[in-house]
Amino acid sequence: MGSLSGKGCDVAVLHGWRAARVTPLGELHTPPRMTAVLVRLTVQVVLVWSLWRGLYADTGTTAGLDRDQAVTYAVLAVLASRLRDLDNQYAGRDTVLQHMHFGTIVYWYLRPMPPQRYYALRALGGQLYGLAWALAGYAVCLAAGVVEPPKSVSVAGVFVLSMLLGQWVLYYILLVLDQLCFWTVRNTAAMLILLFAQNLLSGVYAPLWFFPDWFVTMSALLPFQATLSVPLSLYVGRIPLSDAVFELSVQAFWVVVLALFTRLLWRRAARRVISQGG
């Protein structure tokens, strides 16, 4: 009995590894896609670097950020976009939207692996692939002096932890949007709205301190800023280390709340999937 259970565990791990590596392998076997990513990322970094240096040409400090801090924040935001800007899954017709449209979502519930685990593993593989791009870009920008290094080892450690929690929050936000397909079949309009709100309220377009006080207060009540604004603000020093525990606690709070909510939605979604013919 023990050997059978151990063998079943090994099979589950093997299937999990295969699911996680689909996105990286799909990208590595399509060199033109990788070339396009490299060109786009390079152009984005150069443009953002030029823009923020130009904005700070005649000023010293604005909204609590000097030029180097603002440039570092903006460039890191571009690099972090690689952790969420992957279309390999869509090209492979393996998104929830596509499966709902073609009626193949039922196969997610007929596999030995639960659909929520498969979804999580696919997302993990995609984020790890995006992380490789982000780390490579960060190393180049750091060596070229485009971004500043962290002020201390403590800042670097807090930043990494905060970034991990932020990606976790983002995963659940995108999961909620995909789960919406079980009730609406299509979520294209909701996706466009959410992506805009996510980029705006998480500080992708600009640090939140450049916005009015009412906007900052509103964004603090939503989970979006926990995905990117908090980690990058800790990195550049806009949020001091003395406030790090509170900010990390807020991020962890959103992880727990969204995890429970999406778990409930998975259960309700399973009731809406009907398999006919066996």
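The structure under discussion appears in the preceding block.
Since this is a predicted model, take the numbers as computed values, not measurements.

Calculation notes
Residues numbered from 1 in each chain as written. Predicted model: local features only at pLDDT ≥ 70, side-chain atom pairs only at ≥ 80, totals over all residues. Heavy atoms only, no water. Phe/Tyr/Trp six-rings, centres within 6.5 Å; stacked < 30°, edge-to-face > 60°. Helix = DSSP H or I, 4+ residues; strand = E, 2+ residues; numbered from the N terminus. Salt bridge = Lys/Arg side-chain N within 4 Å of Asp/Glu carboxyl O. Buried < 20%, exposed > 50% of the residue type's maximum accessible area, 1.4 Å probe, protein only. Core = buried A, V, L, I, M, F, W, Y, C linked by side-chain atoms within 4.5 Å. Contact = heavy atoms within 4.5 Å. Axes fitted to C-alpha atoms, helices over the stretch in contact; angles between N-to-C directions. Left-handed = near helix turned anticlockwise from the far one by under 90°. Nonpolar A, V, L, I, M, F, W, Y, C, P; charged D, E, K, R; others polar. 1 Å grid on protein atoms, 1.4 Å probe; cavity = no way out; pocket = protein on both sides within 12 Å on 5 of 7 lines; lining within 4 Å. Points joined across faces, edges and corners; volume = space filled by probe spheres on them.

Colleague: How would you sum up the packing of aromatic side chains? Please name residues and give values.
Modeller: As enumerated under the stated definition, the model contains 15 aromatic pairs in all. Both rings, one in F182 and one in W266, keep their centres 6.2 Å apart while their planes meet at 70 degrees; by these two values the pair is edge-to-face. Of this pair, F182 sits in helix α9 (residues 181-184) while W266 sits in helix α13 (residues 244-270), placing them 84 residues apart in sequence. An aromatic cluster of three or more residues is present, and its members are Y119, Y171, Y172, F182, W183 and W266.

Colleague: Summarise the pattern of salt bridges; cite the residues concerned and give the values.
Modeller: One pass over the full model with this rule turns up 2 salt bridges. Notably, a salt bridge pairs D68 with R67, separated by 3.7 Å at the nearest N-O pair. Given the relative accessible area of 35%, D68 is considered partly exposed. Here R67 falls in the partly exposed class, since its relative accessible area comes to 32%. The salt bridge partner of K151 is E148, with a shortest N-O separation of 3.8 Å.

Colleague: Which residues make up the nonpolar core, and what are the values?
Modeller: Among the nonpolar cores identified, the biggest contains 41 residues, and V96, W108, Y119 and F182 are the most heavily contacted of them. The set of elements that each furnish at least two residues to this core consists of α6 (96-102), α7 (115-144), α8 (153-179), α9, α10 (188-201), α12 (229-236) and α13. Among the elements that make up this core, the one with the highest residue count is α8 (8 residues). Beyond its immediate chain neighbours, meaning those up to four positions away, F182 contacts V96, M100, I105, Y109, W266, A269, R272 and V273. Grouped together as the second largest cluster of nonpolar side chains are 30 residues, W52, A74, V147 and A206 included.

Colleague: Give a detailed account of the packing of helix α4 (residues 67-80) against α12, specifying residues and quantitative values.
Modeller: Between α4 and α12, the least distance of the axes is 10 Å, while the angle of their chain directions is 140 degrees. Once α4 is placed against α12, the crossing between them reads as right-handed. Here α4 contributes Q69, T72, Y73, L76 and A77 to the contact with α12, which in turn contributes S229, L232, S233, Y235 and V236. Here the contact of α4 with α12 is built from residues that sort into 6 nonpolar, 4 polar and no charged.

Colleague: Before we move on, can you summarise the layout of surface pockets with the specific residues and values?
Modeller: As a volume, the second largest pocket reaches approximately 690 Å³. Around the second largest pocket, the lining is made up of 23 residues, and of these L83, L131, M163, L164 and Q167 lie nearest the centre. Contributing elements (two or more residues each) for the lining of the second largest pocket: α4, α7, α8 and α12. In terms of residue count, α7 provides more of the lining of the second largest pocket than any other element does, 9 residues in total. When grouped by side-chain class, the residues that make up the lining of the second largest pocket number 21 nonpolar, 2 polar and no charged.

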